[in-house]
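Residues per chain are reported as follows:
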Amino acid sequence: MRPRLRITLALFLAAILGVASAAAFDQQITSTLSAEGYSVPRADGTWIARRRIVEDLRLGAFNLLPGSADPYYRGPRLSVELALRLDTDFAVGGDESNPAMDSAYVPGLTPVHVDANVANMSAEGLWQGALDVRAGRQIRMGTLGFFAFDGAETVVHLPIGASFATYMGYEVRGGDLLGWSDLELDGTDSGGRHGLTADRFPDREDPSLRLATGAELTLSPVAWLDAAAAVQAVGLNGPIASQEVGGRMSLGGEPILADGRVVWNAMLEVLGEADAELAVTPIDALTVAAEYHLFRPTFEGDSIFNVFDIAPENDAGGRVEVRPVSAVSLAGWGFARMADGSAGIDGRAADALVSGAGGGLGGTYRTLARSLSLRLSGVWEWGEKRLGAEAGAGQAFWNRRLWLNLRLSTWHLDDAFSSRLAGNLAGYVLSGRFTLTEGAVVVGEFEHYVGGGMEQRFTALAILEIEVWR
Amino acid sequence: MKRALALAAIAAALLAAVAGLGTESRGVSRALLPPSRPSVVDVHGRHKPGEPACVACHKDALSSRWASDRLAPTMEDCAACHPEAKGVTPLTPVTEACRSCHGPVPEGRRIVPGTYARPNVRFPHKAHAKEPCATCHPAAAAGRAAPPGEDTAGMRTCYACHLERKAPVACRTCHLVEADGVMVTRIEGAALTPPAWLKGPTHGATWVQSHASVAGSDSGFCAACHRNKFCGDCHLGRVRPRDAHPGDWIRSHAVSSRLDSPTCRGCHRSQSFCLDCHRRQGVAPDSPKDSRSFQGRYHGDLSPELICRRARTDIVSCASCHSESSCVSCHAAVNPHPSGWERRCAHLAKSNPRACAKCHSDDAWRRCR
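No experiment lies behind these values; they were computed from the predicted model shown.

K.L.:
I'd like a rundown of the interface of chain B and chain A, residues and numbers included.
P.N.:
Facing the 117 residues of chain B at the interface are 149 residues of chain A. The contact between chain B and chain A buries some 11700 Å² in all, and 55% of this surface belongs to carbon and sulfur atoms. Summed over the three residues of chain B that lose the most area to chain A, namely Arg238, Arg251 and Arg280 of chain B, the buried surface amounts to 8% of that side. One can count 18 salt bridges joining chain B with chain A.

What follows is the structure, encoded as structure tokens:
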């Protein structure tokens, strides 16, 4: 068994055994069972069937320390969480998942996949409230974005409105035992070679453990200032996979709020991301904001995608939001994408200022018994275009035990890369949500689309959610 | 000049028209403090400010630990100053003296006892005993009448005071929470969302696009109301969330991903999530023979030069179908590096030479280091 999985399970078992004799604590079990069926068309007219069942099982134990369930308790808190997921696709053919079948095998395609999203123990408010510790498989969200790892994080809360977080562990990757790829560093296919010869899928690699570490200092000494600086490196035990330094700052509050964030890729010596927003809320019901976003794709250190001549996305735009009452939100937004100085795929001149633009109008009305929504949007870049309109309505019945929703949409697509995908399409989604009993909800959804030169497409989805507290 | 004045006048008129809207966020939430219906009318307006002192009637206020404690005075408490209230029961006939406090009661009818709704917040008066009552109940302290439930400080007042006095400002300090510390946001008659003055406007019509900046700056703020599973249902999910993937997504995602609207990278990785499906569908160049459906002509008649120009601005989409060997086959002969690369590549070569070694011989990239 891999070392880090051994450590993770040991910590989890220790937590369970160690507090088994504790006074009453709260336990939560959540199960979400989804069954989905649809088909994906190929260009040659054949279809790929997808018949998926996904089970998401979460177990949690909270308030493990005596007295911590009291509403006015101010001492340390201890909790344990585990989330397991089973993802199956009954329509995956045996040949598609068999490495010996040269003409059909798709690496990474398995009919059954089991992973653990989180498995950790958290202790908050230690050392008179100054220290938080979390150990095990966890996901952190910070200035540098999402990062999933098997390890430990400590957060020290300082009296001047500051906190300092440090963490170290192994990056969670798709090819690991109980691993998943949703948040791994992008750029290489590291799902494992599974005995493939060197000439078949030569880019596919066996996963390797990548040790990562990072730190983040957060400052919030006054109500109108919130700032943070972060650093993270992945691959300390071998070739470096990523080195990033970032910072963010929020200034102001009401009526003017200024936000900024930058991420510098120290390994590639490029600015990876930069965001800035200035939002003015002159009255409670109105917000006007100007935004700027820069994104320059970067990949993990092994990947050759890093070494290409890449032009960043430069988007400048704004939005207006009106909230006349709490149940209603109306918004308009737009952006322009700055050209990179090269000629476009649609013959656009190299000195063009703008390579794309987009915008839309939207509104929602939402109460516990009813909802309405309308959204018009359009995006264009380099001769590709997507225009669409969506309208939705929902109504609750039987004292809000039953909720029915209908969503209609129509789209126009222009695809410069494939005329096959260009055209108009329209469809609807009919869904219902029924509360069987407290803690048990069943959801059903049916989707139907036509147009675009393809046969009609259908998707059926059913979900059973159960939540039990004890 | 005239045009500018006209535009300014229109803007001012629009602002004036909407100025009164949205002010409900400044008041007290009726979900958190459901209105009570006391049996007396305008009781504070009938007493001089400070006479009697607040605690003379609300005897248990300073020792109360729970918001649900009944702090309104009973008839016996009133009888200390109003002897006519002594010994009164629900069966006592209504007199003009009764009506002077309980309002107009038709002849032959009884006085309806007051109802006091259970608040959906945590509030220990005991912890706030040193604050003047007028801080949170200004109308009552000034002897003014106020509708039931509206003479109470709103969240903005509470939050500002807690910040000033360095009291806890975590959501669970005042709000009801589940056993795992997550706030109760669905309360009879309402769904709670953060006020705009706290972290800027949230949960509006553009929230799916704009929540990243708020979540990235303070994930603990989101965690006050949302469990890991809520975020994971989208970012780690296996069932497509319709809000972020509208329409016939299988059909339209190719254009949407190249336009980067919505942004794919928050939830998906090109070389694992996207490539696996594209290989199966036969779109990727290294798709297995049985599923290869384009015979190498996915990009139609577009020239490689034009395709590569597009790749320069959207390499993530390219990586969703192409693995590295696709690029090496052409770029072994065509320099893919940006201008000035030879000045920048040393650090990358030193940190991780594996990317260099995929194309360059040992001698070439070692010289670079």
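K.L.:
Please set out the pairing of strand 11 (residues 256-265) of chain A residue by residue, giving values where relevant.
P.N.:
All names here are of chain A. In this sheet, strand 11 lies alongside strand 10 (residues 242-252) in antiparallel orientation, the contact comprising nine bridges. Of the residues in strand 11, the one forming a bridge with Ser250 is Asp259. In sequence, strand 10 turns back onto strand 11 through a hairpin of three residues. Sheet topology note: the strand 11/strand 12 (residues 270-283) ladder contains ten bridges and is antiparallel. Paired with Val263 across the two strands is Glu273, which belongs to strand 12. The turn linking strand 11 back onto strand 12 is made up of four residues, and Glu269 within it adopts a positive phi angle of 55 degrees.

K.L.:
How would you sum up unusual backbone geometry? Please name residues and give values.
P.N.:
Residues and elements named next belong to chain A. Of note, Glu269 is a non-glycine position whose phi angle comes to about 55 degrees, a positive value. In this fold, Glu269 is placed in the loop between strand 11 and strand 12. Judged by its relative accessible area of 33%, Glu269 falls in the partly exposed class. One non-glycine residue, Asn399, adopts positive backbone phi at about 55 degrees.

K.L.:
I'd love a proper account of helix 13 (residues 304-313) of chain B, names of residues and values included.
P.N.:
Three or more residues of helix 13 of chain B are buried, namely Ile307, Arg310, Ala311 and Thr313 of chain B. An end-on view of helix 13 of chain B places all buried positions within 160 degrees of arc, on one side of the element. Across from the buried face of helix 13 of chain B, at angles greater than 90 degrees, the exposed residues are Pro304 and Glu305 of chain B. Each element contacted by the buried residues of helix 13 of chain B is listed here: strand 17 (370-381) and strand 18 (384-397) of chain A together with helix 11 (249-259) and helix 14 (315-319) of chain B.

K.L.:
Give me the packing of aromatic side chains: which residues, what numbers.
P.N.:
A ring pair, where both rings are aromatic, is described by two values, the distance of the centres and the angle of the planes. Counted by the stated rule, this structure contains eleven aromatic pairs over all chains. Ring geometry for Tyr105 of chain A against Phe201 of chain A: centres 6.3 Å apart, planes inclined by 75 degrees, an arrangement best described as edge-to-face. Of this pair, Tyr105 of chain A sits in the loop between strand 3 (77-89) and strand 4 (112-125) while Phe201 of chain A is found in the loop between strand 7 (162-171) and strand 8 (211-219), placing the two residues 96 residues apart along the sequence. This pair shows no difference in class: Tyr105 of chain A is buried, exactly as Phe201 of chain A is. Joined through ring pairs, the aromatic side chains of Phe147, Phe149 and Tyr167 of chain A make up one cluster. Stacked on the ring of Phe295 of chain A, the Lys or Arg Arg265 of chain B has its end atom at 3.5 Å from the ring centre.

K.L.:
Help me get a handle on the environment of Glu313 of chain A, residues and values and all.
P.N.:
As for its placement among the helices and strands, Glu313 of chain A is situated in strand 14 (residues 313-322). Under the relative-accessibility criterion, Glu313 of chain A is labelled buried at 11%. With residues near it in sequence (within four places) discarded, Glu313 of chain A still touches His293, Leu294, Phe295 and Arg337 of chain A together with Asp260 of chain B.

Quick notes on the rules
Throughout this document, residue positions are counted from 1 along each chain, in the order its sequence is written. Numbering of ligands from 1 and lettering of chains from A proceed in the order in which they are written. For this predicted model, a pLDDT threshold of at least 70 governs which residues receive local features, and a threshold of 80 or more governs which side-chain atom pairs are given and counted, while totals over whole chains, interfaces and linings are taken from all residues. Computation of side-chain values: all heavy atoms of the structure, hydrogens and water removed. Note on contacts: a residue pair is in contact if any heavy atoms of the two residues lie within 4.5 Å. The quantity reported as buried area is the accessible area (1.4 Å probe) lost by two parts once they are put together, taken as the sum for both. In the sections that follow, a salt bridge refers to a side-chain nitrogen of Lys or Arg positioned within 4 Å of a carboxyl oxygen of Asp or Glu. Any two strands with at least two DSSP bridges between them are considered paired. A run of H or I in DSSP counts as a helix once it spans at least four residues, and a run of E counts as a strand once it spans at least two, with each numbered from the N terminus. Burial classes: relative accessible area under 20% of the type maximum marks a residue as buried, over 50% as exposed, and values in between as partly exposed (1.4 Å probe, protein chains only). The reported arc concerns the directions from the helix axis to the C-beta atoms and nothing else. What counts as a ring pair is set by centres within 6.5 Å for rings of Phe, Tyr and Trp (its six-membered ring), and what kind of pair is set by the plane angle: stacked under 30 degrees, edge-to-face over 60, tilted for all other angles. Look at NZ for Lys and CZ for Arg. If either is within 6 Å of the ring centre and within 35 degrees of the ring normal, a charge sits over the ring.

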